[in-house]
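Examining the three-dimensional arrangement
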Amino acid sequence: MAERRITPIYRILLLLSIVVASGTTYAQTFSQNNDPVYGYDPLLYNGRVYSFFIQPGTDGTQYMYDEFDNQGSITMRGVTFTNLCINYDIYNQQLILRYSDTRGSIKYIEISKAWLESFTLNNCIFTCFTKTDSTQRFYQVLGTGNERILYYHTKDLIIDNAGTAAGHIFTKATKSTYVLSNNQLISYKNNGNFIKAFVPAKQDLIRTYLHRHSINVRKSNNIIMTELINYSNTLPGS
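Let me begin by describing the structure that accompanies this report. (Residues numbered from 1 in each chain as written. Predicted model: local features only at pLDDT ≥ 70, side-chain atom pairs only at ≥ 80, totals over all residues. Heavy atoms only, no water.)

**Some details on the overall build of the chain**
Operational definition: Every helix listed is a DSSP run of H or I at least four residues long, and every strand listed is a run of E at least two residues long, numbered separately from the N terminus. Partly exposed describes any residue whose relative accessible area lies between the buried limit of under 20% and the exposed limit of over 50%, with all areas from a 1.4 Å probe on protein chains only and scaled to the type maximum. For this analysis, residues touch if any pair of their heavy atoms sits within 4.5 Å. In short, Shrake-Rupley with a 1.4 Å probe defines the accessible areas, and a residue's cover is counted only from the protein chains shown.
Per the secondary structure count, the chain includes four helices and 17 strands. Buried residues in the chain amount to 45% of all 238 residues. Long-range contacts, defined here as pairs at least 24 residues apart, represent 58% of the contacts in the chain between residues at least 6 apart. Here the chain has roughly 13200 Å² of accessible surface; of this, 51% comes from carbon and sulfur atoms.

Listed below in structure tokens is the structure:
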């Protein structure tokens, strides 16, 4: 079902504030997640066993990144766990934690969304948002002001018609792009849509900024887009 262009998200500002606070004294941080006396923290290690297996002959991966990030972090109920080995399954929309149990066996679990607030993966920040229909989504977050840029990443699994065998292939990652403005999630696909996501008082200034820096919002990298959205937060009307 196609997503509406503007979707109110009532919990979004609270969750975004948690993302900002995760690096401050608000969140207690653990650098060691396996206590030698009490074992694994049940707040973190309470997910289901990750049981998604790829059929033989499938090309590609369900993950956002080819390799697990050994320096990832997860924030749950205000507690931030660091130095984790995690990856983001964007086909099934699950955050996956890989760890060694007490016997040294490698385990994979799906991090429960019940208490999950945010995570960092390959130096990118992601937040779990609950929409008005109670569904939850992971969005990558750019920017630190009242207005943010959000990316929703996905993959599909399709039949590999180009292969010699009747196998499947994961498509390349795609992303849906949004601006969070005035408590609304506004979809954009080009510079024109992007400009209209902001209040009228900002639109001419943002249009000038895009032209001056030769920015195409669909093709620009995270650094450029972060600078752009942070600039918008300095304008009158923020």
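**Looking at the nonpolar core**
The nonpolar side chains of a soluble globular protein tend to be buried, and buried together. So the rule is basically this: Residues grouped as a nonpolar core are buried Ala, Val, Leu, Ile, Met, Phe, Trp, Tyr and Cys residues, joined through side-chain atoms within 4.5 Å.
Core analysis: the largest hydrophobic core is formed by 25 residues, its most contacted members being Leu44, Ile74, Leu97, Ile111 and Phe119. Within the residue set of this core, elements represented by two or more residues are strand E6 (69-76), strand E7 (79-89), strand E8 (94-100), strand E10 (116-121) and strand E11 (124-130). Sort the elements by how many residues they give to this core and E7 lands first, with five residues. Aside from chain neighbours lying at most four places away, what touches Phe119 is Ser73, Ile74, Ile86, Tyr88, Leu95, Cys124, Ile125, Phe126 and Phe138.

**Comments concerning the pairing of strand E13 (residues 148-154)**
Operational definition: Here, a strand pair is defined by DSSP locating no fewer than two bridges between the strands.
The buried fraction of E13 amounts to six of the seven residues, a majority that puts the element mostly inside the structure. The pairing of strand E12 (residues 136-142) with E13 spans three bridges and is classified as antiparallel. When the bridges of E13 are listed, Val141 appears paired with Leu150. Hairpin remark: E12 followed by E13, antiparallel, with five residues in the connecting loop; positive phi at Gly143, about 100°.

**Description of the side chain of Glu117**
Short version of the rule: Only four residue types enter the charge count: Lys and Arg as positive, Asp and Glu as negative, with His and the chain ends excluded. Salt bridges are defined by distance alone: a side-chain nitrogen of Lys or Arg within 4 Å of a carboxyl oxygen of Asp or Glu. Pairs of N or O atoms are called polar contacts if they sit within 3.5 Å, as long as, within protein, a hydrogen donor faces a hydrogen acceptor (for residues adjacent in sequence, only side-chain-to-side-chain pairs).
Inspection of the secondary structure assignment puts Glu117 in strand E10. The side chain of Glu117 is buried and forms no salt bridge, while Arg77, the nearest opposite charge, is found at 6.7 Å. For Glu117, the side chain forms a polar contact with the main-chain nitrogen of Arg77, separated by 3.0 Å.

**A look at unusual backbone geometry**
Here Gln93, not a glycine, exhibits a phi torsion of approximately 55°, which is positive. Residue placement: Gln93 occurs in the loop between E7 and E8. One non-glycine residue, Asn122, lies in the positive phi region at around 50°. As for its position among the elements, Asn122 is in the loop between E10 and E11. Looking at Asn122, the relative accessible area reads 31%, which means it is partly exposed.

**With respect to the pattern of salt bridges**
The final tally for this structure, using the stated rule, is four salt bridges. Here Glu110 ties to Arg48 by a salt bridge, and the two come within 3.0 Å at their closest N and O atoms. Here Glu110 is found in strand E9 (residues 106-110), whereas its partner Arg48 is found in strand E5 (residues 48-49), with 62 residues between them in sequence. For Arg48, a relative accessible area of 58% puts it in the exposed group. Close ionic contact of Arg207 with Asp204 constitutes a salt bridge, the shortest N to O distance being 2.7 Å. Highlighted residues: Arg207 and Asp204, both in helix H3 (residues 200-212), separated by three residues, approximately one helical turn. Classification of Asp204 as exposed rests on a relative accessible area of 54%.

**Some remarks on the pairing of strand E16 (residues 174-181)**
Examined bridge by bridge, E13 and E16 share seven bridges and lie antiparallel to one another. The partner of His153 across the bridge, within E16, is Lys175. As paired strands, E16 and strand E17 (residues 184-187) are joined by four bridges and run antiparallel to one another. Residue Leu180 lies in a different strand from E17, and its bridge partner there is Leu185.

**Looking at the packing of aromatic side chains**
To keep things clear, this is the line we draw: Working definition: rings of Phe, Tyr and Trp (its six-membered ring) pair if their centres are within 6.5 Å, and the pair is stacked with planes under 30 degrees apart, edge-to-face with planes over 60 apart, and tilted otherwise. Whether a charge lies above a ring is judged from NZ of Lys or CZ of Arg, which has to be within 6 Å of the ring centre and within 35 degrees of the ring normal.
Applying the stated rule across the entire model yields 17 aromatic pairs. Here the aromatic rings of Tyr63 and Phe68 are separated by 5.1 Å at their centres, their planes lie at 70°, and the arrangement is edge-to-face. When the ring of Phe119 is compared with that of Phe126, the centres are 4.9 Å apart and the planes differ by 5°; the resulting orientation is stacked. Positioned over the ring face of Trp115 is Arg77, at 4.8 Å from the centre of the ring.

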